[in-house]
Amino acid sequence: MSGLDEVLEGGLIEGRSYLVRGQPGSGKTILGFHFVSAGAAAGERSLFINLEEDEADVRANAASLGFSLDGVDVLDLSPSSDFFAEDQSYSVFGADEVEGDDLTEQIAERVAERDPDRVFVDPVTQFRYLTGDDYQFRKQIISFTRFLEEHDATVLFTSQTTPDAPDDDLQFMSDGIVELAYENDRRRLTVPKFRASDKRAGPHGMAIHGDGVHVYPQLVPSAHGVGFDTEPIPSGIPAFDELLGGGIERGTITVVSGPTGVGKTTTGTQFLREAADRGERSAVFLLEESVDTFEHRSEAVGMPISSLREEGALVVEAVEPLTTSPQEFAQRVRREVEEHETRVVMIDGARGYKLSMQGEDDDLVRELHALGRYLKNMGVTVILVDEIDTVTGDFQATNSGISYLADNVVFLSYLEMEGELRKVAGVLKKRVGDFERTLREFRITEDGIAVGDPLTGLRGVLRGAPEFVDAEE
């Protein structure tokens, strides 16, 4: 698994034992499928010791996820129907006295016969019911893992915990722990312990799709970067570029804010269109609307989105709400940047990001900050659309607590003049270079964006209720 190998800074260490823990349904057995099938594909001998489901079910479950266990030896130690039919309840002797030695012998014989390179035990906590007490259980597990390690096997084993039987002892005995969590439809993976090697801090995103487990490591911005020139990126609209002091600089984050319907997405799309004219690839990630809606609306104002997509100059992706972790989203953006050399990325919008992604608000803002830092380090120009609540009234720069992320803040606002609703554009902040400290009228026509001359002789524009100022005053 490439994602987990990245978290483990290269993968599991040969000849050591690792615990996979988590509640039912968190993906422990599927992780084992990856482990043994990858070994078989690499020409290694893999052994699946199954203590719960029968072999037919194990192979069927693996096949349903696209795993082939043809090269994997399965040792089926699950209870058969004979146990119930023949009333093997051991009313005189305990299960540990009757079954323990038999299971141990079967495992020892199979290991000696096959000499496996990889062993997956699912779940190892079943041995607890075959021993007299916790001390005997710990002693047996230590002896079991040492036996496998003496045969140079890398061991992965799962645990099933209950309030009455926690797996703390297994955590101490293992060389590493992979912990899976599944709550509120959100999956996470952490590695709290990994002896003799480094690991990436979590939590990391995780998903189970039709082809198994996918792990999305936490993005570390400082681990990525390229050299680039901080040159201005024009919008292609002369009056707008004057307002921006020449444009927005490469490798910066620009927040375009304003109330609903004012033209934020169209403004960001203008920069994507201009990038295509320069021969650069751009990407827009939609978190608040569908691709069809975005394309139709853009085409209606003279922006040829469909042709740009066909030419490969623009990629448009809609993010499925509430099913994507911020780490998975970051990996999608990374893939676009690193595999396709995308130079401009627009995320539409910040509020949709917080609503669509799985996680708490504070965590999501930190994840968005990490993604922004990564993109800046890669020389990518970022446009982040943010919607504010108020149409007129007290001025707000942003509404999602993200203004500190921005190198540039471009705001669009409504105002009422002589009974007519009009729009203005202005620049509130620009870290790199100078900008025009005026407001200009802003319109969206069937031919695109139109920006007028600076508005003079007015006050109270940012409140949405401007007043003409007497020339002498």
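Residues numbered from 1 in each chain as written. Predicted model: local features only at pLDDT ≥ 70, side-chain atom pairs only at ≥ 80, totals over all residues. Heavy atoms only, no water.

Enquirer: I'd like a rundown of the overall build of the chain, residues and numbers included.
Expert: Along its length, the chain carries 15 helices and 22 strands. Across the 473 residues in the chain, those meeting the buried criterion constitute 51%. For the chain, contacts bridging at least 24 residues in sequence account for 70% of all contacts bridging at least 6. Total accessible area computed for the chain in this model is approximately 21800 Å², and 46% of it derives from carbon and sulfur atoms. (Helix = DSSP H or I, 4+ residues; strand = E, 2+ residues; numbered from the N terminus. Buried < 20%, exposed > 50% of the residue type's maximum accessible area, 1.4 Å probe, protein only. Contact = heavy atoms within 4.5 Å. Areas by Shrake-Rupley, 256 points an atom, 1.4 Å probe, with all protein chains shown as cover.)

Enquirer: Quick rundown of the packing of aromatic side chains? Include the residues and the values.
Expert: Scanning the entire structure with this criterion turns up 7 aromatic pairs. Taking 5.4 Å as the distance between ring centres and 85° as the angle between the ring planes, the aromatic pair formed by F285 and F329 counts as edge-to-face. Here F285 is found in strand β13 (residues 282–286), whereas its partner F329 is found in helix α13 (residues 326–340), with 44 residues between them in sequence. F285 gets classed as buried once you look at its relative accessible area, which sits at 1%. Cluster of aromatic residues (ring-pair linked, three or more members): F33, F48, F67 and F120. The side chain of R187 reaches across the aromatic face of Y182, ending 3.8 Å from its centre. (Phe/Tyr/Trp six-rings, centres within 6.5 Å; stacked < 30°, edge-to-face > 60°. Lys NZ or Arg CZ within 6 Å of the ring centre and 35° of its normal.)

Enquirer: Help me get a handle on helix α3 (residues 55–64), residues and values and all.
Expert: Its side-chain oxygen at 3.2 Å from the backbone nitrogen of A56, D54 defines the N-terminal cap of α3. Phi turns positive one or two residues past the end of α3, at G66, with a value near 85°. (Polar contact = N/O pair within 3.5 Å; in protein donor to acceptor, adjacent residues only side chain to side chain.)

Enquirer: Pulling in residues and values, what's your account of the sheet that holds strand β1 (residues 17–21)?
Expert: What the 9 strands build is an open sheet, ordered β3-β2-β4-β5-β1-β6-β7-β8-β9; its pairing is mixed. Since the sheet does not close on itself, it has two edges, and those belong to β3 (72–76) and β9 (212–216), each with one partner. The average undirected angle you get between the axes of adjacent strands in this sheet is 20°. Summarising the sheet, β1 and strand β6 (residues 176–183) pair through 4 bridges and their orientation is parallel. Bridge pairing in β6 places Y18 opposite G176. Sheet contacts for helix α2 (residues 28–41): β1, β2 (46–50), β3, β4 (118–122), β5 (154–158), β6, β8 (204–209) and β9; angle to β4, the most-contacted strand, approximately 160°. (Pairing = 2+ DSSP bridges. Axes fitted to C-alpha atoms, helices over the stretch in contact; angles between N-to-C directions.)

Enquirer: A description of a negative patch on the surface should follow, citing residues and the corresponding values.
Expert: A cluster of like negative charges, contributed by E52, E53, D54 and D57, occupies part of the molecular surface. Position of D54 among the secondary structure elements: in the loop between β2 and α3. Using a relative accessible area of 33% as the deciding quantity, one classes D54 as partly exposed. (Patch = residues over 30% accessible without salt bridge, like charges linked within 9 Å, V, L, I, M, F, W, Y side chains within 5 Å. Salt bridge = Lys/Arg side-chain N within 4 Å of Asp/Glu carboxyl O. Lys, Arg positive; Asp, Glu negative; His and termini not counted. Charge placed at Lys NZ, Arg CZ, Asp CG, Glu CD.)

Enquirer: I'd like to hear about the sheet that holds strand β18 (residues 420–430), residue by residue, with values.
Expert: Strand order across the open sheet formed by 9 strands is β14-β13-β15-β16-β12-β17-β18-β19-β20, with mixed pairing between neighbours. Because the sheet does not close on itself, it has two edges, and the strands there are β14 (314–318) and β20 (448–454). Across this sheet, the average inter-strand angle for adjacent strands is 25°, counted without regard to direction. As judged from the 5 bridges shared by β13 and β14, these two strands associate in the parallel manner.

Enquirer: Tell me about the environment of H151, and please be specific about residues and values.
Expert: Positionally, H151 belongs in the loop between α7 (134–150) and β5. Separated by 35 residues in sequence, H151 and P116 have C-alpha atoms that sit 7.7 Å apart. When sequence neighbours within four positions are dropped, the list of residues in contact with H151 reads V111, D115 and P116. In this structure the side chain of H151 is engaged in a polar contact, spanning 2.9 Å, whose partner is the backbone oxygen of F147.

Enquirer: Help me get a handle on the pairing of strand β16 (residues 381–387), residues and values and all.
Expert: Residues in a regular strand point their side chains to alternate faces of the sheet. Counting buried positions along β16 yields 6 of 7 residues, so the element is predominantly enclosed. Sheet analysis places strand β12 (residues 253–258) next to β16, joined by 6 bridges and oriented parallel. Counted as the bridge partner of T254 is I383 from β16.

Enquirer: So what about unusual backbone geometry? Which residues, and what values?
Expert: A cis amide bond links D122 with the next residue in sequence, P123, at an omega value of -15°. Tracing the backbone shows P123 in the loop between β4 and α7. The omega torsion of the bond from D348 to G349 falls at 5°, within 30 degrees of zero and hence cis. Among the structural elements, G349 can be located in the loop between β15 (344–348) and α14 (350–356). Of note, the phi angle at A196 is positive, near 65°, even though the residue is not glycine. One can find A196 in the loop between β7 (186–194) and β8. The phi dihedral of E341 falls on the positive side, at around 55°, and the residue is not glycine. Note on placement: E341 falls in the loop between α13 and β15.

Enquirer: Tell me about the pattern of salt bridges, and please be specific about residues and values.
Expert: Per the stated rule, a full pass over the model turns up 29 salt bridges. The partner of R440 in a salt bridge is E242, and the shortest N-O contact between them spans 3.0 Å. Taken together, the residues span a long stretch of sequence, with R440 in strand β19 (residues 440–445) and E242 in helix α9 (residues 238–243) at a distance of 198 residues. Accessibility expressed as a relative area gives 3% for R440, which makes it buried. Through salt bridges that share partners, E6, R200, R334 and E338 make up one connected network.

Enquirer: Residue-level account of the confidence of the model for the chain, with values.
Expert: Put simply, the chain has an average pLDDT of 86, and 88% of its residues get 70 or more. In this model residues 88–100 is a low-confidence stretch, pLDDT under 50, and it forms 17 contacts with partners more than four residues away in sequence or in other chains. (pLDDT = per-residue confidence, 0-100.)

Enquirer: Could you give an account of the pairing of strand β17 (residues 408–417), naming the residues involved and the relevant values?
Expert: In terms of burial, β17 is a largely internal element, 9 of the 10 residues being buried. As paired elements, β12 and β17 share 4 bridges and run parallel to each other. Each residue of the ladder has a partner; that of T254, found in β17, is N408. Relative to β18, β17 runs antiparallel, the two sharing 10 bridges. Note that in β18 the partner of V409 across the bridge is K429. In this antiparallel pair of consecutive strands, β17 and β18, the connection spans 2 residues, and E418 shows a positive phi of 55°.

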